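# Secondary and tertiary structure notes
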Amino acid sequence: MSWFRRVKDNIVTKTQDKKPTPDGLWFKCGKCKAITPQKDFVANLHVCPECGKHNRLDSEGYFDILFDRGKYVELNPNLVSADPLKFKDNVAYTDRIIKSTKKSGLKDAVRTSTGKINKREWTVACMDFGFIGGSMGSVVGEKIGRAIDYARENKQPLMIISKSGGARMMEAAFSLMQMAKTSAKLALLAKEGVPYISLMTDPTTGGITASFAMLGDFNIAEPEALIGFAGPRVIKETIGKDLPEGFQSSEFLQEHGFVDFIVHRKELKAKVSTLVNLIYS
Amino acid sequence: MAKDKEIVKEKGITYFDFEKPIQELEDQLEKAVETHDKGKVDMQDNIESLTKKITKAKKELYGNLNGWQKVQISRHAERPYTLDYIENICKDFIELHGDRNVKDDKAIVGGFARIGTQPVMILGHQKGRNTKQRQMRNFGMANPEGYRKALRMMKLAEKFNVPVVTLIDTPGASPGLEAEERGQGEAIAKNLMEMAVLKVPIVCIIIGEGASGGALGIGVGDKVIMMEHTWYSVISPESCSSILWRSWDYKEVAAEALKLTAENMLENGLIDGIIKEPLGGAHQDPQAAFKLVKSEITKQLKHLLELDSETLIAQRIDKFSNMGVYEEPAVASQP
């Protein structure tokens, strides 16, 4: 008998899991490795039918889930990033934007909209991770700010769906100040008694957590999303220890009192409608 | 690449590598004075010319510091910290402790005090001077209870209609297990929201490092002023280098790219003013620095106290709402 026994799963992938999965036809879950036909996976709202892992979904996907018959009007769709600092690392910021736009078909990392959810008018902002990691620069801050204003002026419940690595470094202090901007706008919204639901999805970290994502009247989350202020790698390096399992997950945040409830994507629309109906009744 | 290595000068002040020419001149001056005092040789002319030379060299060097050099000066181990400012510009300081929930975070200090005749709530990040203190102050990196303690103090100020002064000097909010468990993000976010609508004037001064959310967490003010040799950005140059260049070696390049100096920040309309520092930085002449900071606070408060709270809040929110640069072509292009 050996002295040590492996407690966790063996990292060697079994042959049966190594089957090539041609793009577009099949979806292979990153968590349970189950293979599902792509169309079933999409029909299941990008949630693995086997293990329930919520995979990243773009703004169009969420708008489709939420709005009645998928119909909505986009707010301020024309805002695009400028390059106030002429920022350049290995790649120029302007090139990054062009590349990201081409790849994702998006103009920036958030889309904001208004439309009916179960017959009630809502304002919904949804971040897109596909655009520079969903990072918040001036455009994201401004669009979210305007969406908050729109909800306030039209007295519509507001939902912001977060999915972001944090502030956009390429706009440096401009990005930082978007945290102050969005939080200030939310303070005005709160005064009007308009409900704000913050939905945190995988991942919600950094400057997003330290501003609008944590300021909901209701902070809700998708299962097993990574939510935190500092990134896990930074914390691990700082404390010099491995992080406990489930650290910074939605469940961890609910346990520590920062998330009201965790909601499966399938139940999102019904649950937020019920919640808001309770407030307005 | 300039090295971080510090040279300790006998008289106590530490010089960075880029300050070496100044240090050499000052050493020469010291020797000249010594010789002169012994009375063997008349060095008066020599001393005068050296003094002039030093002033000229200092003006040239400190007037043209690059981003990374400013970052280094902002972190100088002998720079005045929050408690030094409070002790030297305030009277009747009564320190308040704790967030009434978890504990007293030593990385943020504050309390009621008087500047001139004006009562204020003054608070800020506090760093330590030696290993023991640094540990106690967690290097000026606050935990959630620190931000909640700050908010509690600001709310007290609002209740008793006393203006708030915050002094910012942090390498960032504390990253750690407990910080996450107790909601670091939520604590900072709450401060941003509450400070935006606080009914009393808020003056924020960056006295050292202004790193990201950790700084902004007590930085939403009617007037945000940076001292001359400080920095303020979304990330430290080191972390920026490590993330974007995947190496720690690009911190100088990153410091330039981030446009984190007081001049850059003022140009970009992200702060409201700059406090000139004594030649070479606040640590070279702390008393002069205290005077400059005190007069700036007095000046700003005098103006802000004339405004009613509604105007104050509206102007504050407007100011932050207007920050950001983007383009909005008129062409409607619905997706």
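These numbers come from a predicted model, not from an experiment.

### What about the overall build of chain A?
Within chain A, the secondary structure is distributed over 8 helices and 11 strands. Over its C-alpha atoms chain A spans a radius of gyration of 20 Å, differing by no more than 12% from the 19 Å that the globule rule assigns to 281 residues. Looking at chain A residue by residue over its 281 residues, the buried ones come to 54%. Considering only residue pairs separated by 6 or more positions, chain A has 67% of its internal contacts joining residues 24 or more positions apart. Of the accessible surface of chain A, which amounts to about 13,000 Å², a share of 53% is contributed by carbon and sulfur atoms.

### With respect to the state of the cysteines
Residues and elements named next belong to chain A. If you walk through the whole model with that rule in mind, you get 0 disulfides over all chains. Here Cys29 is not cross-linked by a disulfide; its sulfur's nearest cysteine counterpart is in Cys51, at 3.6 Å. Accessibility expressed as a relative area gives 1% for Cys29, which makes it buried.

### Points about the domain arrangement of chain B
Residue and element names in this part refer to chain B. Taken as a whole, chain B is organised into domain 1 (7–64) and domain 2 (72–321). The straight-line distance from the C-alpha centre of domain 1 to that of domain 2 is 34 Å. Taken together, the contact pairs 11 residues of domain 1 with 10 residues of domain 2. The junction of domain 1 with domain 2 conceals about 960 Å² of combined surface from both sides, 61% of it contributed by carbon and sulfur atoms. Broken down residue by residue, the surface that domain 1 buries against domain 2 is led by Ile13, Phe16 and Tyr62, which jointly contribute 54%. In this assembly, domain 1 and domain 2 are joined by 0 salt bridges. Joining domain 1 to domain 2, the criterion identifies 2 residue pairs in polar contact (both at pLDDT 80 or more). Counting residues per element, the ones that place at least two in the side of domain 1 that touches domain 2 are β2 (14–16) and α2 (44–63). Here the side of domain 1 that touches domain 2 gets 4 residues from one element, more than from any other, and that element is α2. Residues belonging to the side of domain 1 that touches domain 2 are distributed by class as follows: 5 nonpolar, 3 polar and 3 charged.

### Here's the deal with the nonpolar core
Core analysis: the biggest nonpolar cluster contains 106 residues, and A:Met177, A:Leu186, A:Phe212, B:Leu216, B:Tyr232 and B:Cys240 have the highest contact counts within it. Judged by nonpolar contacts, the second largest core, of 24 residues, contains B:Ala113, B:Val120, B:Met227 and B:Ala289.

### A look at the interface of chain B and chain A
Of the residues lining the interface, 53 residues belong to chain B; the matching set on chain A comes to 60 residues. Of the roughly 4,800 Å² buried between chain B and chain A on both sides combined, carbon and sulfur atoms contribute 72%. Between the two partners, chain B and chain A, sit 1 salt bridge. Across the salt bridge formed by B:Glu328 and A:Arg146, the nearest N and O atoms sit 2.9 Å from each other. Connecting chain B to chain A are 13 residue pairs in polar contact (both at pLDDT 80 or more). Take the side of chain B that touches chain A: its biggest share by element is 9 residues, from helix α8 (residues 184–196) of chain B. Across 2 bridges, the pairing between strand β4 (residues 80–81) of chain A and strand β11 (residues 326–327) of chain B is antiparallel.

### Things to note about the confidence of the model for chain B
Averaged over all residues, the pLDDT of chain B is 93; the fraction at 70 or higher stands at 95%. The low-confidence segment residues 1–10 of chain B (pLDDT under 50) makes 27 contacts with residues lying over four places distant or belonging to another chain.

### A look at the side chain of B:His76
Residue and element names in this part refer to chain B. Positionally, His76 belongs in the loop between α3 (67–74) and α4 (82–89). With relative accessibility at 1%, the residue His76 sits in the buried group. In this structure, His76 is in contact with Thr14, Phe16, Tyr81 and His283, ignoring residues within four places of it in sequence.

### Let's talk about the packing of helix α6 (residues 144–159) of chain B against α8(B)
Two packed helices can be described by the angle between their axes and the distance between those axes. All names here are of chain B. In contact at an axis separation of 8 Å, α6 and α8 are set at 20° when each is read in the N-to-C sense. One finds that α6 runs roughly parallel with respect to α8. Seen along the crossing, α6 lies across α8 with a hand that is left-handed. Within the contact between the two elements, α6 uses Pro144, Tyr147, Arg148, Ala150, Leu151, Met154 and Lys155 and α8 uses Gln184, Glu186, Ala187, Ile188, Lys190, Asn191, Glu194 and Met195. Of the residues contributing to the contact of α6 with α8, the split by class is 8 nonpolar, 2 polar and 5 charged.

### A word on the pairing of strand β6 (residues 120–127) of chain A
Residue and element names in this part refer to chain A. For β6, the buried fraction is high: 6 of the 8 residues fall into the buried class. In this sheet, β6 lies alongside strand β5 (residues 110–117) in antiparallel orientation, the contact comprising 8 bridges. Within β6, the position partnered with Lys116 by the bridge is Glu121. The turn joining β5 and β6, which pair antiparallel and follow one another in sequence, is formed by 2 residues; a positive phi near 45° is taken by Asn118. Note that β6 and strand β7 (residues 158–164) share 4 bridges and pair parallel. Among the inter-strand pairings, Cys126 is bridged to a residue of β7, identified as Ile161. Handedness of the crossover joining β6 and β7 through helix α4 (residues 138–153) is recorded here as right-handed.

### Looking at the packing of helix α5 (residues 172–191) of chain A against α8(B)
Running from N to C, α5(A) and α8(B) cross one another at 60°; their axes reach a closest spacing of 8 Å. Pair α5(A) / α8(B) crosses with right-handed handedness. Note on element contacts: α8(B) touches α5(A) through B:Ala189, B:Leu192, B:Met193 and B:Ala196, opposite A:Met179, A:Ala180, A:Ser183, A:Ala184, A:Leu186 and A:Ala187. Each residue belonging to the contact of α5(A) with α8(B) can be placed in one class, and the counts come to 9 nonpolar, 1 polar and no charged.

Definitions and cut-offs
- Residues numbered from 1 in each chain as written.
- Chains lettered and ligands numbered in written order.
- Predicted model: local features only at pLDDT ≥ 70, side-chain atom pairs only at ≥ 80, totals over all residues.
- Heavy atoms only, no water.
- Helix = DSSP H or I, 4+ residues; strand = E, 2+ residues; numbered from the N terminus.
- Rg over C-alpha atoms; globule rule 2.2 N^0.38 Å.
- Buried < 20%, exposed > 50% of the residue type's maximum accessible area, 1.4 Å probe, protein only.
- Contact = heavy atoms within 4.5 Å.
- Areas by Shrake-Rupley, 256 points an atom, 1.4 Å probe, with all protein chains shown as cover.
- Disulfide = S-S within 2.5 Å.
- Domains from an automatic or database assignment.
- Buried area = accessible area lost by both parts, 1.4 Å probe.
- Salt bridge = Lys/Arg side-chain N within 4 Å of Asp/Glu carboxyl O.
- Polar contact = N/O pair within 3.5 Å; in protein donor to acceptor, adjacent residues only side chain to side chain.
- Nonpolar A, V, L, I, M, F, W, Y, C, P; charged D, E, K, R; others polar.
- Core = buried A, V, L, I, M, F, W, Y, C linked by side-chain atoms within 4.5 Å.
- Pairing = 2+ DSSP bridges.
- pLDDT = per-residue confidence, 0-100.
- Axes fitted to C-alpha atoms, helices over the stretch in contact; angles between N-to-C directions.
- Parallel < 35°, antiparallel > 145°, perpendicular 65-115°, else oblique.
- Left-handed = near helix turned anticlockwise from the far one by under 90°.
- Right-handed = clockwise from strand over helix to strand, strands pointing away.

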